[in-house]
Amino acid sequence: MTSFHHRTLTLALAMLWPAVCAAQTAGWYAERVFSFLERSDVDQRYMERPSTRFVLTPQLGTTLNQYTISTGGHEYTLSSEPIVRLGASAGYRGLTVGYMQHIGSADARSRNRDFFLDMAGNRAGATMYVSRMSNYSFSHDDDEDHGIRTDAFRSRRFHLSAYYAFNHRRFSYPAAIVQTFIQKQNAGSIIAGLSVNTSKLDVDTAAISDSIRSQFVLDEYFTQVRASNACLRFGYGYNWVLRHHWMLHASGTMSLAFSKSTQFRYADRTEKDDRNSLTYEFHATLAAVYDRRRYFAAFNMTLDVNQQSDSPIEVVDLVMRMNLRCGLRF
């Protein structure tokens with residue numbers, strides 16, 4: 001082999017070596033994550049982990065959002081109109097990634113979409129989702145005409161929550177949310193965790209119609225509301241195992257924010273509220289699962305209610321997500 005070929009081979013190896021090291025490092029961390037998600041001394045009488053590792057799940061659903069803004073004795077409500085989103089999720093050893101989108105919008109900027117990631121272990125895990133919405137209608141408490149459709153409001157939100165199930169040997173939270181476990185007998189557990197929420201509501205003041213403008217009893221309109229908080233959660237979950245492969249799930253957690261920040265942006269200034277006054281967050285999950293080991297069908301509904309600001313403008317953000325899924329294990 002000529003010296004030129006030696007130099008070329010040496011250069012190629014030198015360029016590939018960082019990528020090989022990075023891949024090895026990523027594989028090492030990935031294996032630790034998967035081992036953590038699967039690490040649980042389960043009671044085989046109450047649950048089991050399927051021998052398959054992959055889950056593929058087409059799904060359809062909807063995400064409903066309601067902003068309630070109270071100020072000066074008046075209450076304004078932004079309610080998203082129900083639309084169907086199509087998508088799918090894929091899972092491997094407790095790690096599930098999914099994407100859903102409303103196909104019916106011609107404007108790419110206004111398409112409503114969800115991206116979500118679940119790391120569901122039986123002992124502990126985490127859920128993350130990013131959502132974008134623009135299909136709002138406006139109503140005012142003192143007006144008889146409700147539900148004025150508007151394109152002036154767009155919202156984006158990020159949610160991250162982690163959980164720990166104390167009775168993880170008998171109660172399977174993943175059996176209800178991502179179906180990586182199968183619950184065999186009734187069981188419940190105290191659930192603790194934490195959550196981080198950020199949201200942004202953009203207001204295109206130029207696009208506010210005269211009918212809406214006449215109802216806003218404000219000296220000036222804010223162009224954006226940004227909010228974030230971090231909360232400690234505490235609650236309870238329960239799985240009911242019925243005959244003929246059915247299981248029902250219900251869980252709820254209540255939390256108080258230990259850190260929060262809200263800011264209202266106007267045309268010429270930004271007003272911030274970083275006071276750590278007590279605000280609340282509530283999360284609930286309902287699920288119905290039909291499981292035949294190799295395949296399953298599930299309906300999930302989650303509800304998140306988050307008080308973003310309490311004075312002088314109170315903002316309450318409510319998000320409801322409903323999904324119908326049919327999955328295959330292999």
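The model shown is predicted, which means the values in this text are computed figures rather than measured ones.

So, how was this worked out
Residues numbered from 1 in each chain as written. Predicted model: local features only at pLDDT ≥ 70, side-chain atom pairs only at ≥ 80, totals over all residues. Heavy atoms only, no water. Helix = DSSP H or I, 4+ residues; strand = E, 2+ residues; numbered from the N terminus. Contact = heavy atoms within 4.5 Å. Buried < 20%, exposed > 50% of the residue type's maximum accessible area, 1.4 Å probe, protein only. Pairing = 2+ DSSP bridges. Core = buried A, V, L, I, M, F, W, Y, C linked by side-chain atoms within 4.5 Å.

This brings us to the overall build of the chain. Scanning the chain from N- to C-terminus turns up three helices and 18 strands. Long-range contacts, defined as pairs at least 24 residues apart, comprise 68% of the intrachain contacts of the chain with a sequence gap of at least 6.

With that settled, consider the pairing of strand S7 (residues 124-133). Taking burial as the measure, the ten residues of S7 include nine buried ones, the bulk of the element. As paired elements, strand S6 (residues 113-120) and S7 share eight bridges and run antiparallel to each other. Each bridged residue has a counterpart across the sheet, and for Asp114 the counterpart in S7 is Ser131. Taking the residues that link successive antiparallel strands as the turn, the S6-S7 hairpin has three residues. Two strands pair when backbone bridges link them, and S7 and strand S10 (residues 153-165) are joined in this way by ten bridges, in the antiparallel orientation. What sits directly across from Val130, in S10, is Phe158.

Turning our attention to the nonpolar core. If you look at the biggest cluster of nonpolar residues, it comprises 21 residues, and the most contacted ones within it are Leu78, Phe153, Phe222 and Phe264. Taken together, the elements giving at least two residues each to this core come down to strand S2 (54-71), strand S3 (74-80), strand S8 (136-140) and strand S12 (187-203). Setting aside its immediate chain neighbours within four residues, Leu78 contacts Asn65, Gln66, Tyr67, Tyr136, Ser137, Phe138, Phe153 and Leu201. If you look at the next biggest cluster of nonpolar residues, it comprises ten residues, including Tyr163, Phe171, Ile177 and Val178.

Bridge count for S2 against strand S4 (residues 85-92) is eight bridges, and the pairing is antiparallel. Along S4, the bridge assignment pairs Leu60 with Leu86. Bridge count between S2 and strand S18 (residues 314-329): 14 bridges; the pairing is antiparallel. Each bridged residue has a counterpart across the sheet, and for Tyr67 the counterpart in S18 is Asp317. Here S2 runs beside S3; their pairing, made up of six bridges, is antiparallel. In the strand pairing of S3, Gln66 is matched with Ser79.

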